[in-house]
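# Descriptive analysis of the structure
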Amino acid sequence: MALDPWGSSTVDDYRKLFEEFGIEVFDDVLPRVPSPHYLMRRGVIFGHRDYRPVAEAMRKDEPFAALSGFMPTGDPHIGHKLVFDELIWHQQRGGEAYGLIADLEAHAARGLSWDEIDEHTESYLLSLIALGFDPGAGTLYRQSSNREVQDLAFELGTKANFSELGAIYDFDGETDVSYMQSVLTQMADILYPQLEEPKPTVIPVGPDQDPHVRLARDLAGRMRYFGVTEAYASFELDDDERELVAVAYEALVDDSDPETDVRCTEAAEWLRSERPPSEALDSAIETLEAGGKEPLRPRVRFLDRNATDEAFEGLIEAIEGEKRVYEAHVDSFDLGREAAEELAREVELEYGGYGFLPPSSIYHRFMTGLTGGKMSSSVPASHISLLDDPEDGYDKVKSATTGGRETAEKQRELGGEADDCPVYELYAYLLSGDDDEFATEVYDECVGGERLCGGCKEQAAELMAEFLEEHQEKREEARELLEDLDIDLESDRNR
Ligand code: TRP
Ligand code: SF4
C-alpha cells in the first residue's frame, strides 16, 4: 500500500496506516484535548502525528497554530468542510489559523489554467469564511502571492535532493521541475506559521497528505543549527548501541563511590558476557574496545549541524556547568536532555535560525461517496458541493446508496448497517453537528431496526438542503469580508 498525495484518495484499511506508516491512534491523545471537536469524538479524526504538543499548548493557553491548504481544482465540497471545520475549531481554541490556496500546486501538478484557479480560489475562501473562519484573526493566502513562503521553499530546497523526492513521490526524469517545486512550496506552507517564532503547529489533512507531513518534519529538523543527543563517551553511537552501553553503564556504575570510573573496556567485557549476540552488540563492543580506558560518563551532546561559527561559539558560552568542546560538537555533563533542547533552540533563534519544531498533523477519514465507492470531485453524484442548489443536494441524498436491507421486513428484523452507510456518514460527519445525542439516536435506531431508509434519507435530505441554503446565504455575506482582505483574486499570471 502506498500513500499518494496525487492519487485517488481512498484508504482501504486504516489499521495499516498505523502499522506501516507509524501514524498514531487519535483516541490515545483524545483525553488530553480540552472539549474535543465532534469529529474527534466520533472517530472521524482517527489518527495523528505528534498532536500532544498542540493539545498541551491549547490547555496551557500557549501559542500554537493550525494550517491547511486547498488545491483550487473544483468547487469546495462537503469533504473539504471537514478541514474547514478543523481549522475554525483550532482558531476558536486560541490558535493562529492559516488557510491557504495551493494555486501553484494546482497549476504545476494538475495543469489548471490561472483563470480556472482564480474562480475556484474565491469559492474556497468564501466557504471557509462562511463556516466561521475569522479572517481578521487568522491568515488566508495564495501560494502564488506569498513571497515569504516562496523564499522559505527555496531555502528548504537546499535540504532536499532529487533522489529523495523521487523516492517519496515517485518522481522521475520526466517530472516537471515546477511540480517538484510545488512540493517544496507545501513544505514552506507547513512551516510558515513558525517563521516569526517556533510554535506547535497542527496540519489537519487527509491521510493521503502524510508523506508531505513526514517530509516537512524531516526538513524542520534538517534546518536546525544543532542536534541534541545523549552520549556516554567522546565517540558517537547509534540508538541501538547507545541503549546497550546505557545498560552496561547502569550495571557497572557504583553510585556509592563516584570516584571509581567505568572504563570502556570493562563495559565491552560486561556486554560480551551478559548480553545475547546481535549486530548492535558486536559494533558496540568494537567501539567500546577502541575507546580503551576512557571512562564512561553520561552526557548530552550538541552536534553542530548548520550553525554559523558565531552561533557555535555562542552555544559553547551559553552552556553552564562542566562541558567539553570538540570540533563539531560540545558535550555537557550537567544539563538534562530537555534543558539542552531548549538551550539549543534559544541559541539558534538568537543567532538568526528558525528553530523549527517538527509540525504535527491530524488525519480524518475520507467520506464515502453517496453512490458508494469513493467520493470524487469528478463524479458529481458522488459528492455534494457546497455550491449545489439545495434541491440538488436534497435529490442527491435521496438517491444515495444506503446500508439498508433488501426489504423493510428484513430491516426491522436485522437492523440496518449504519457502519457501511453513506447516509449515516452524512449524519455523523455533518448533519448532526455538535449534537452527539442525535447522531447516536440515528445510529441506534438504524441498527436496532426501528429506522427505515426511506424516512431516514428524507430526514437527511431535508437537513442537507437546509444546511446548503444557510451556507450559501453566509457565503454571500462573506463576500464583503473577502473583498476587504488583501488577497488578489485575479492573478496577473498567464496561461
Ligand atoms: N497538497 C494539498 C492538496 O493536495 C494542498 C496543500 C498545499 C496543503 N499546501 C498545504 C495541505 C499545506 C496542507 C498543508 O490538497
Ligand atoms: Fe443508512 Fe439510515 Fe438506512 Fe440506517 S436507516 S442504513 S442510517 S439510510
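This text gives an overview of the structure that appears in the document.

Think of an α-helix as 3.6 residues a turn; residues three or four steps apart then line up on the same face. Within helix α18 (residues 422–431), ten of the ten residues are buried, which leaves it mostly tucked inside the rest of the structure. Every buried residue belonging to α18 is among Pro422, Val423, Tyr424, Glu425, Leu426, Tyr427, Ala428, Tyr429, Leu430 and Leu431, and all of these are buried. The elements touched by buried residues of α18 are α2 (38–41), α4 (78–92), α16 (390–398), α19 (436–447) and α20 (453–484). Phi for glycine 433, located one or two positions after α18, is positive at around 50°.

Here we come to the side chain of lysine 396. Turning to its location among the elements, lysine 396 is positioned in helix α16. In this structure the side chain of lysine 396 is engaged in a polar contact, spanning 2.7 Å, whose partner is the side chain of aspartate 388. In this structure, lysine 396 is in contact with Leu370, Pro380, Ala381, His383, Ile384, Ser385 and Asp388, ignoring residues within four places of it in sequence.

Attention now moves to the pairing of strand β2 (residues 45–49). Burial within β2 is extensive, with five of its five residues counted as buried. Where strand β1 (residues 24–25) lies against β2, two bridges are found, and the strand directions are antiparallel. Of the residues in β2, the one forming a bridge with glutamate 24 is histidine 48. Relative to strand β11 (residues 360–364), β2 is paired through four bridges, and the arrangement is antiparallel. Counted as the bridge partner of arginine 49 is serine 361 from β11.

Criteria and thresholds
- Residues numbered from 1 in each chain as written.
- Chains lettered and ligands numbered in written order.
- Predicted model: local features only at pLDDT ≥ 70, side-chain atom pairs only at ≥ 80, totals over all residues.
- Heavy atoms only, no water.
- Buried < 20%, exposed > 50% of the residue type's maximum accessible area, 1.4 Å probe, protein only.
- Helix = DSSP H or I, 4+ residues; strand = E, 2+ residues; numbered from the N terminus.
- Contact = heavy atoms within 4.5 Å.
- Polar contact = N/O pair within 3.5 Å; in protein donor to acceptor, adjacent residues only side chain to side chain.
- Pairing = 2+ DSSP bridges.

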